[in-house]
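The primary structure of each chain is shown beneath.
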Amino acid sequence: MKTTLVSIACASAWGLAVTSPAQSAEPPNIIVFLADDMGMGDTSAYDDWTGNPPEKQLHTPALDRLARMGVRYTDAHSPHSRCTTSRYALLTGRYCWRTRLKHWVLFGVQCDPLIDRDRVTLPEFLQAGGYRTGMVGKWHLGLKYRRTDGSVADGWDDADLTQPLADCPLDHGFAFFFGMSRSHNTSGPNGLRRNTPDQAIGPGWIRGRDIAGATGNGKQLDGSYRYNEIGNSLDHEAFAFLNVAVPSRQPFFLYFASPANHTPYTPSAQIGETPVAGASRFVDGTSTGSTRLDFVYQNDVHVARVLDYLERTEDPRRPGRPLSENTLFVFTSDNGAELPDREFTGPLRSHKGSVYEGGHRVPFLAVWPLGGIGDGDATTAGATRTGLLALNDLYATFAEILDRPLPPKAGRQRGAEDSHSQLAALRGEAAPERPPVFPNDHKEASQELSDERAWVAVRSNATPIPGQWKLLLDHRFALRGEIHPQELYNLADELEETNNRLADPAAKPALDFLIQQARAAAGDDGFTR
């Protein structure tokens, strides 16, 4: 990491001494903070990697601090290049191209739930391990409403918003939920705009099973769902969860799924005492003058507030020590930047919605001092990991931390079919190369939102010949398990993915290996672990 980055780490009254991983008898608290549409260039924690100059690089002091405290990955990937699909894979440990949603996102005010009820999700797995689980933010995995008589509604038209939801995050492992159904601008009317008894935008804020703003006057809401106050509401509810979870002495899992920085860009005026709208700065200290970057910066403010809380709050399971020592904090994004701007994507081809690297290579920062993932010291340089990692790996990683077996790969109560533990790699220990990653959804494949966009990439650093090889398969792999190679790249030679080596005889060993891996992984009932 650059030593010139400015740290805003607060001085800890607790000191920095921690015990070794082997001495950690208590399971860690876990926080996963998922940004929306954030590219590698959207944080100064990666400015040495992206090459962004100080006058064009957004300054994210809290993420710089997190990177110094722990580790950062330069080859981490969202499992897909769009939000619904990546969120599914993160929470299930399974690629979404194995589901009915082969590409794109759940769309419309009524989306049938994508996660089957007999599937063991990550939060359900953690609940079974004694965790108190909570989520704030963007769900985007489908809901089921009820009619006035309590029966399950067919959709939005026959839904009674005063009735509790029939399927929501509480049915998939979260004991606490406050958030929105999907992207913030499609989850409810912005205050009173379009807020009529026949509005068909969304249910607004959801608290547990309840539509918080339901008035009983058709679909009209109470006006409390306002885009530029979303950050304030989620911040408040995240701390409401923590303030109950911490004293309970249970380990907790908080999934903070921020809607920032998905369009439209609606930063809060301030969060806590920290200004947000108009407050983003480049690394050189000048104002960005960008509402988009204000919204990206909003996530940095959230992270700073959570890190401060963890450092100043005593761990009731380890009296005299701060929560920060035995909390695993992960920051990442659901896909790459939403705009094709090199300042946001870094030296990568394309952006959100593509299986080129800019669509799914994402920031990934993690710290857990007591578990050997960084040392928690923000005054020293953090570690950089260059190995391959995918967000669906969090499931198996947490399972190894808890020393609990993963669910079966088939049958009822199955789960984590495509998850591989990264604990050793996170700790900097010797570890074998991760098996291939299979990101999907390729906007370059078609001008229309057709199934032809369901391309899948096969990405591996463990081919028989040196390199970081990536094979692009067309939509027939996701739809029918058929292997039809389209493009082949060695990212070790060029990140821009411009030199298609599919017909290069020297690349044939890598091609054959990736085809073999694809055949082994194919099918809706398949798996990669």
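Please read these numbers as outputs of a predicted model, since none were measured by experiment.

Engineer: Got a minute to help me understand unusual backbone geometry in this structure?
Structural biologist: Trans peptide bonds make up most of the peptide bonds, and negative phi angles are found at most residues other than glycine. Of note, the amide linkage connecting Ala 260 to Asn 261 takes the cis form, showing an omega dihedral of 15 degrees. Unlike most non-glycine residues, Glu 497 shows phi in positive territory, near 55 degrees. Checked against the element boundaries, Glu 497 lands in the loop between β17 (485-490) and α12 (508-521).

Engineer: Is there a simple way to think about the sheet that holds strand β16 (residues 469-473) in this case?
Structural biologist: Sheet architecture is open: three strands sit in the order β15-β16-β17, paired in antiparallel fashion. Each of the sheet's edge strands pairs with one partner strand only, and the pair in question is β15 (456-460) and β17. Taken pair by pair, the neighbouring strands of this sheet meet at an average axis angle of 15 degrees, ignoring direction. Summarising the sheet, β16 and β17 pair through five bridges and their orientation is antiparallel. Within the sheet, the bridge partner assigned to Trp 469 lies in β17 and is Asn 490. Where α12 meets the sheet, it contacts β15, β16 and β17, and its direction lies at approximately 55 degrees from that of β16.

Engineer: In this structure, what is going on with the sheet that holds strand β11 (residues 327-333)? I would like to understand it.
Structural biologist: The strands making up a sheet associate through hydrogen bonds between their backbones, and the pairing can be parallel or antiparallel. Spatial strand order, β7-β6-β5-β4-β8-β1-β11-β12-β2-β13: 10 strands in an open sheet with mixed pairing. Each edge of the open sheet is held by one strand with a lone partner, namely β7 (210-211) and β13 (383-385). Relative to strand β8 (residues 252-257), strand β1 (residues 29-35) runs parallel, the two sharing five bridges. When the sheet's bridge partners are listed, Val 32 is paired in β8 with Tyr 255. Its contacts with the sheet place helix α2 (residues 61-69) against β2 (71-73), β11, β12 (364-367) and β13, and it is angled at close to 55 degrees to β12. Taken strand by strand, helix α9 (residues 393-402) contacts β1, β11 and β12, and its axis lies near 170 degrees from that of β1.

Engineer: Is there a simple way to explain the pattern of salt bridges in this structure?
Structural biologist: Opposite charge on two side chains permits them to pair, given that their charged atoms come into close proximity. This structure, assessed with the given rule, holds 42 salt bridges. Residue Glu 357 pairs with Arg 459 through a salt bridge whose shortest N-O separation is 3.6 Å. Of the two residues, Glu 357 sits in helix α8 (residues 357-360) while Arg 459 sits in strand β15, which places them 102 residues apart along the sequence. With respect to class, Glu 357 is no different from Arg 459; both count as buried. Glu 444 serves as the salt-bridge partner of Lys 443, at 3.3 Å between the closest nitrogen and oxygen. Beyond isolated ion pairs, a larger network of salt bridges with shared partners links Asp 75, Glu 357, Arg 361, Arg 459, Lys 470 and Glu 497.

Engineer: Just to check I follow, could you spell out the nonpolar core for this structure?
Structural biologist: Side chains of nonpolar character tend, in soluble globular proteins, to be buried together. Counting residues in each nonpolar core, the largest one holds 58 residues, and the members touching the most others are Leu 126, Trp 139, Tyr 145, Phe 253, Tyr 255, Phe 364 and Phe 398. No other element matches the six residues that α9 contributes to this core. Those residues within four positions of Phe 398 in sequence are excluded, and the remaining contacts are Ile 30, Val 32, Leu 122, Leu 126 and Leu 328. In this structure, Met 38, Leu 66, Leu 234 and Val 367 belong to the second largest nonpolar core, which totals 56 residues.

Engineer: Help me out: how do you make sense of the environment of Ala 457 in this one?
Structural biologist: For Ala 457, the position within the fold is in strand β15. On the basis of relative accessible area, Ala 457 is assigned to the buried category, the value being 0%. Linking Ala 457 and His 262, residues 195 residues apart in sequence, is a C-alpha distance of 24 Å. If near-sequence neighbours (up to four positions away) are discounted, Ala 457 is found in contact with Val 355, Val 437, Phe 438, Pro 439, Lys 470, Leu 471 and Leu 472.

Each value, and the rule that gives it
Residues numbered from 1 in each chain as written. Predicted model: local features only at pLDDT ≥ 70, side-chain atom pairs only at ≥ 80, totals over all residues. Heavy atoms only, no water. Helix = DSSP H or I, 4+ residues; strand = E, 2+ residues; numbered from the N terminus. Pairing = 2+ DSSP bridges. Axes fitted to C-alpha atoms, helices over the stretch in contact; angles between N-to-C directions. Contact = heavy atoms within 4.5 Å. Salt bridge = Lys/Arg side-chain N within 4 Å of Asp/Glu carboxyl O. Buried < 20%, exposed > 50% of the residue type's maximum accessible area, 1.4 Å probe, protein only. Core = buried A, V, L, I, M, F, W, Y, C linked by side-chain atoms within 4.5 Å.

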